[in-house]
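# Fold and contact review
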Amino acid sequence: MSGVMVRYKVRPGEAERNEALVRAVYRELHERRPAGFRYATFRLDDGLAFVHLARMEAHDGRSPLPELAAFREFQAGIAERCDEQPVVTKLHEIGSFG
């Protein structure tokens, strides 16, 4: 199993728009229900920083996100929305629960 964490910080005034774009991704994920994929997004206490966690259980380790129209729309304007650009960190699982 592989996973990634993405962290970024949006500009003041962009948090609600960013959150709406993220929610659209979740709507499409709920419609498609890709097998072996877990995804969670968190908005941090400062109200501007976001963390996305993705876990791919498929053998090829590929994420279904690039196939989603809502995700492509989310990514299209990410550079302009951010004060701190997205940083992608590969995660190597030691253990998990639930």
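First, a word on scope: everything that follows refers to the structure included in this document. Predicted, not measured: the structure shown is a model, and the values here were computed from it.

## Topic: the pattern of salt bridges
Counting across every chain of the model gives eleven salt bridges. Salt-bridge contacts for Arg-43 lead to Glu-16; the nearest nitrogen and oxygen are separated by 3.3 Å. Here Arg-43, found in strand 2 (residues 37-43), pairs with Glu-16, found in helix 1 (residues 15-32); they are 27 residues apart in sequence, far enough to count as distant. Looking at Glu-16, the relative accessible area reads 53%, which means it is exposed.

## Describing helix 1
Taking 1.5 Å per residue as the helical rise, helix 1 with its 18 residues ought to reach 26 Å, and the 26 Å between its terminal C-alpha atoms agrees with that figure. Turning to helix 1, its buried residues are Ala-15, Asn-18, Leu-21, Val-22, Val-25, Tyr-26, Glu-28 and Leu-29. Projected onto a plane normal to the axis of helix 1, the buried residues spread over an arc of 160° and lie on a single side. More than 90 degrees from the buried face of helix 1, the exposed residues found are Glu-16, Arg-27, His-30 and Glu-31. Looking at the packing, one finds that the buried side of helix 1 touches strand 1 (2-10), strand 2, strand 3 (49-56), helix 2 (69-76) and helix 3 (78-81).

## Quick look at the nonpolar core
Core analysis: the largest hydrophobic core is formed by 22 residues, its most contacted members being Tyr-8, Val-25, Leu-29, Tyr-39, Leu-65 and Phe-74. When contributions to this core are tallied by element, the ones reaching two or more residues are strand 1, helix 1, strand 2, strand 3 and helix 2. At six residues, the largest contribution of residues to this core is made by helix 1.

## A word on a nonpolar patch on the surface
Residues Phe-42, Leu-53 and Leu-91 make up a contiguous nonpolar surface patch of roughly 230 Å² in combined accessible area. Its location among the elements puts Leu-91 in strand 4 (residues 82-91). The partly exposed category is assigned to Leu-91, whose relative accessible area is 34%.

## Some points on the packing of aromatic side chains
Inspection of the entire model under this criterion finds five aromatic pairs. Note on Tyr-8 and Phe-74: the rings are 6.3 Å apart at their centroids and 55° apart in plane angle, and the pair reads as tilted. Here the residue Tyr-8 occupies a position in strand 1, and Phe-74 occupies one in helix 2, the gap between them amounting to 66 residues. Exposure class is identical for Tyr-8 and Phe-74. Each is buried. Among the aromatic residues, those joined into a ring-pair cluster are Tyr-8, Phe-50, Phe-71 and Phe-74.

Reading the values: rules and limits
Along each chain, residues carry numbers from 1 onward, in the same order as the chain's sequence is written. Per-residue local features are limited, in this predicted model, to residues with pLDDT of at least 70; the limit for side-chain atom pairs, both in listing and counting, is 80 or more; totals at the level of whole chains, interfaces and linings are taken over all residues. Only heavy atoms go into the side-chain values, all of them from the structure, while hydrogens and water stay out. Counted as salt bridges are all cases of a side-chain nitrogen of Lys or Arg within 4 Å of a carboxyl oxygen of Asp or Glu. Numbered from the N terminus, helices here are DSSP runs of H or I no shorter than four residues, and strands are runs of E no shorter than two. The buried label applies to any residue whose accessible area, calculated with a 1.4 Å probe on protein chains only, is under 20% of its type's maximum; exposed applies above 50%, and partly exposed to all values in between. The span you would expect from a helix comes to 1.5 Å times its residue count less one. In this description, one arc is meant: the one made by directions from the helix axis to the C-beta atoms. For this analysis, residues touch if any pair of their heavy atoms sits within 4.5 Å. Here, nonpolar core refers to any group of buried Ala, Val, Leu, Ile, Met, Phe, Trp, Tyr and Cys residues whose side-chain atoms link them within 4.5 Å. Nonpolar side chains (Val, Leu, Ile, Met, Phe, Trp, Tyr) within 5 Å and like charges within 9 Å form the patches, drawn only from residues with over 30% relative accessible area and no salt bridge. For accessible areas, the Shrake-Rupley method is used with a probe of radius 1.4 Å. Any residue's cover is judged against the shown protein chains and nothing else. Centres within 6.5 Å make a pair out of two Phe, Tyr or Trp rings, where for Trp the six-membered ring is used; the pair is then stacked when the planes are under 30 degrees apart, edge-to-face when over 60, and tilted otherwise.

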